[in-house]
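Fold and geometry: a report
Here's the letter readout for the chains.
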Amino acid sequence: MRLSMTSKIGLWVTTALTLAFIYVPILVVVLNSFSTSRTLSWPPPGFTTEWWGKALTNAGALSAISTSLIVAAASTVIALLLGTALSFALHRFSFFGKSTVNLLVVLPIALPGIVTGIALNNAFRTMLDMQLGWFTIIVAHATFCVVTVFNNVFARLRRVGTSLEEASSDLGAGIWTTFRLVTFPQIRSALFAGGLLSFALSFDEIIVTTFTAGSGVQTLPIFILDNMFRPNQAPIVAVVAVVMILIAIVPIYIAQRLTTTDNR
Amino acid sequence: MTTVSSSAPDRVGESPVRASLARRGSVFLYRHAKVRLALLLSAPLFWLGLVYIAALVALLITAFWTVDSFTGEIIIEWNITNITKVVGDALYHAVTLRTVGAALLVTAIDIVIALPIAFFMAKVASRGVQRALVIAILMPLWASYLVKAYAWRSILAQDGIIDWMFGPLGGSSPGYGFEGAVLTLAYLWLPFVILPIYTALERVPDSLLDASSDLGAKTGSTFRHIVLPLIVPGIIAGSIFSFSLTLGDYIAVKIVGGATQMLGTLVYSNVGVANNLPLAAAISLIPLAIIFVYLGAVRRTGALNNL
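Rules used in this analysis
Residues numbered from 1 in each chain as written. Chains lettered and ligands numbered in written order. Predicted model: local features only at pLDDT ≥ 70, side-chain atom pairs only at ≥ 80, totals over all residues. Heavy atoms only, no water. Phe/Tyr/Trp six-rings, centres within 6.5 Å; stacked < 30°, edge-to-face > 60°. Helix = DSSP H or I, 4+ residues; strand = E, 2+ residues; numbered from the N terminus. Buried < 20%, exposed > 50% of the residue type's maximum accessible area, 1.4 Å probe, protein only. Axes fitted to C-alpha atoms, helices over the stretch in contact; angles between N-to-C directions. Left-handed = near helix turned anticlockwise from the far one by under 90°. Contact = heavy atoms within 4.5 Å. Nonpolar A, V, L, I, M, F, W, Y, C, P; charged D, E, K, R; others polar. Buried area = accessible area lost by both parts, 1.4 Å probe. Salt bridge = Lys/Arg side-chain N within 4 Å of Asp/Glu carboxyl O. Polar contact = N/O pair within 3.5 Å; in protein donor to acceptor, adjacent residues only side chain to side chain. Core = buried A, V, L, I, M, F, W, Y, C linked by side-chain atoms within 4.5 Å. Domains from an automatic or database assignment.

1. Topic: the packing of aromatic side chains
All names here are of chain B. By the definition in use, this model includes 17 aromatic pairs over all chains. Geometrically, the ring pair formed by Y145 and W189 is stacked, given 6.0 Å between the ring centres and 15° between the ring planes. A residue pair is termed long-range when its members are at least 10 positions apart, and Y145 in helix α7 (residues 145-156) and W189 in helix α9 (residues 178-203) qualify at 44 residues. Here the aromatic rings of Y250 and Y268 are separated by 4.6 Å at their centres, their planes lie at 20°, and the arrangement is stacked. Linking Y250 in the loop between α11 (219-248) and α12 (251-256) with Y268 in helix α13 (residues 263-271), this pair joins segments that are 18 residues apart in sequence. Residue Y268 is classed as partly exposed on the basis of its relative accessible area of 25%.

2. So, the packing of helix α6 (residues 134-160) of chain A against helix α3 (residues 33-62) of chain B
Relative orientation of the contacting elements α6(A) and α3(B) amounts to 115°, with a least axis distance of 11 Å. Along this stretch, α6(A) crosses α3(B), giving a crossing that reads as left-handed. Between α6(A) and α3(B), the contacting residues are A:V139, A:A142 and A:T143 on the first element and B:W47, B:L48, B:V51 and B:Y52 on the second. Considering only residue class, the contact of α6(A) with α3(B) consists of six nonpolar, one polar and no charged.

3. Digging into the interface of chain B and chain A
Taken together, the contacts link 91 residues of chain B with 91 residues of chain A. Each partner contributes to the roughly 8,300 Å² buried at the junction of chain B and chain A, and carbon and sulfur atoms together form 79% of this total. Remark: the boundary between chain B and chain A carries zero salt bridges. On inspection of chain B and its partner chain A, the count reaches eight residue pairs in polar contact (both at pLDDT 80 or more). Here the side of chain B that touches chain A is composed, by residue class, of 64 nonpolar, 16 polar and eleven charged.

4. Quick look at the nonpolar core
Judged by nonpolar contacts, the single largest core of 131 residues is most densely connected at B:Y145, B:L146, B:Y150, B:I251 and B:I283. Broken down by element, this core gets its largest block of residues, 14 residues, from α6(A). When residues of this core are assigned to domains, at least three map to each of domain 1 (17-55) and domain 2 (84-306) of chain B.

As structure tokens, then:
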């Protein structure tokens, strides 16, 4: 589109400002994790790696990281099984209530986290009389992680079609052999990408987690939230926050690379 | 597909009995599509139906129960005390209005920020810049929500970066409160608003814009009369995210909102401190109802197909 010079410059400037608006806060956290100040004052009076050393030997932070890793891994495994089964069912079959099932998958992330959180909290505590803990967090996380796996695998199934599988069974391969040697290799990278996204989603989640974790289990986001309001913990929280960005961004980046190279 | 050639040696080691069982299962499943479907659907439906739908229904039911004020135990007795309290009490009116106001403000701020950058990405930038910008917008979408809210806690802090930047000009940080919460929420949901608007703009054919300017329209009027009407569904799709996510938020409000009360914080304090799940359930029906009204209102525009 032809634009006047002024509007072009105007657009460039607004775009640059918007990007700054998006990235400056994240940069501030990274810089604060190296600041010598114990409060959040700006600009940092000096730089130190002291907090990184302290945070990386902090028992609470370390156990929170391993808790988060276990929860994310367990809910990803469940999400992979359920999400893959669902995407095959919705792609290969047409049946009564198909669109309802489709809606059902999206619902846990479409509704506000607080509704999902309190609904599960209420179901576990009041209805089933259960103690909140590992089991309840993993069940809750798996519930909203199903959709990421489903989206990835369903998109892949739609793209690869069924002709190779038909060829395989025409040549005499049974269902298992066809799945192992034809279908699985075709969806392998979609499973991996969906699994990574679901892992990152679970690793970051805070709203549903606060309602389903109880007091015994502390995930990394809950650790950050608990320590955020304590005086003088600011630098350690900043370090853990940076670690959290890294742990979440790396799998996302790999997943993005996987899906874009596949689509070429 | 090179792995296919290795299939023959695989079968050699298997015992004939196991192989024939697997084979029979395979033949049976191949012939019975309905059994295949049932096997695929049973586990996920069991999970989503039992865990999620049952939980939502239970939430609705709990809203009609009460809590014994002495023991803190839930009394299973049908009444509408909580509902009338939530509908009638002035506190809930004020908080609901404040929350809806915040959601509308956040949505408006996000749309105003999103329109120029989305237009630039879709219609002005070269292919390479466009791709880089999409990634630049997507990456923070995945950076932890909590970390971003925490970032705003440091930005809005006393002697924080806002005070440092605007202090010399006589300005100061709004501090932790309603304004801080609105700013932070607008920041949090911005990528969710940019992306659908960008997708909608991508679909607007360039020839329309050229025709408009050939006919003498200035950039501003082309945008108002040609582009804007075409991307309304995209804008609404984005607004659904910012609106509904703001209605349900309580963590960011807790972190940067100071003492500001929103529907989310009320729900949370009733689950935790006050230990009154039935009341919390009743309160949580307010954002749910508002979202369904909103979704119903925008359904006619076709925006839901743009999600």
